[in-house]
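A structural walkthrough
Now for the letters of each chain:
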Amino acid sequence: MKKVRLYFNEEKEQQWINDMSREGWQFVKYSPFTLTYTFEQEQKQYTYRTDCIYGQGKDYIEFVESTGAQLVYKNMFWAYFRKDKSQGTFELYTDAASKKSYLNRLLGLYMVVCLLNLLTFVMSFPDLAEYSSARKALFIVNGLAAALLAGVAFKIIGRKKRLQKDLDIYQG
């Protein structure tokens, strides 16, 4: 089965994939160009975790696999892991320091893509009157993408602040 979805929140994406697993549909792969998730029917249930692997090396994936998790799919920026539910809970980040590192990596990825879209948008502006309608549409898409990604980045910054606040309460 294939489902088309677009997520800008990895926690919601992860929850949806786990809900599909509970319904007997196991995640197989994701196509970022068509926004298509592929699932196969299987009664065995798994816990899935998505991970931003931007800036991480091959050693990191091997480390996660050494915990008993299976790499289901990965691309340049994301990895999808799963672990059999019968093996207990499965979390990738269990302490504040690793969660903070993860959020920094996630923020870095979104900021790079946001800035590239913003740069393309700003550099295109002076010549806008000379553009074809297709290039004008691309101009608008770059501007909207930059705004959307900036919104995602601000939400990640909020998550980092809440994490820090929780740490301060716990330590204080």
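The structure we're discussing is the one just above.
Residues numbered from 1 in each chain as written. Predicted model: local features only at pLDDT ≥ 70, side-chain atom pairs only at ≥ 80, totals over all residues. Heavy atoms only, no water.

For the rest of this paragraph, the subject is the sheet that holds strand S4 (residues 46–52). The strand order across the open sheet built from three strands is S4-S6-S5, with neighbouring strands paired in antiparallel fashion. Unpaired on one side and paired on the other, S4 and strand S5 (70–74) mark the two borders of the sheet. When the angles between neighbouring strand axes are averaged without regard to direction, this sheet yields 25°. Where S5 lies against strand S6 (residues 78–84), four bridges are found, and the strand directions are antiparallel. Note that in S6 the partner of Gln-70 across the bridge is Arg-82. Here helix H1 (residues 10–22) sits on the sheet in contact with S4 and S6, set at roughly 155° to S4. With respect to the sheet, helix H3 (residues 96–124) is in contact with S4 and S6, its orientation differing from that of S4 by roughly 60°. (Pairing = 2+ DSSP bridges. Helix = DSSP H or I, 4+ residues; strand = E, 2+ residues; numbered from the N terminus. Axes fitted to C-alpha atoms, helices over the stretch in contact; angles between N-to-C directions. Contact = heavy atoms within 4.5 Å.)

The biggest cluster of nonpolar side chains holds 35 residues, and the ones touching the most others in it are Phe-27, Tyr-37, Trp-78, Tyr-80, Phe-81 and Leu-106. Elements with a minimum of two residues in this core: H1, strand S2 (25–31), strand S3 (36–41), S4, helix H2 (58–66), S6, H3 and helix H4 (133–171). Among the elements that line this core, the one with the most residues is H3, at seven residues. Beyond its immediate stretch of four places on either side in the chain, Leu-106 contacts Glu-10, Cys-52, Trp-78, Ile-156 and Arg-159. (Core = buried A, V, L, I, M, F, W, Y, C linked by side-chain atoms within 4.5 Å. Buried < 20%, exposed > 50% of the residue type's maximum accessible area, 1.4 Å probe, protein only.)

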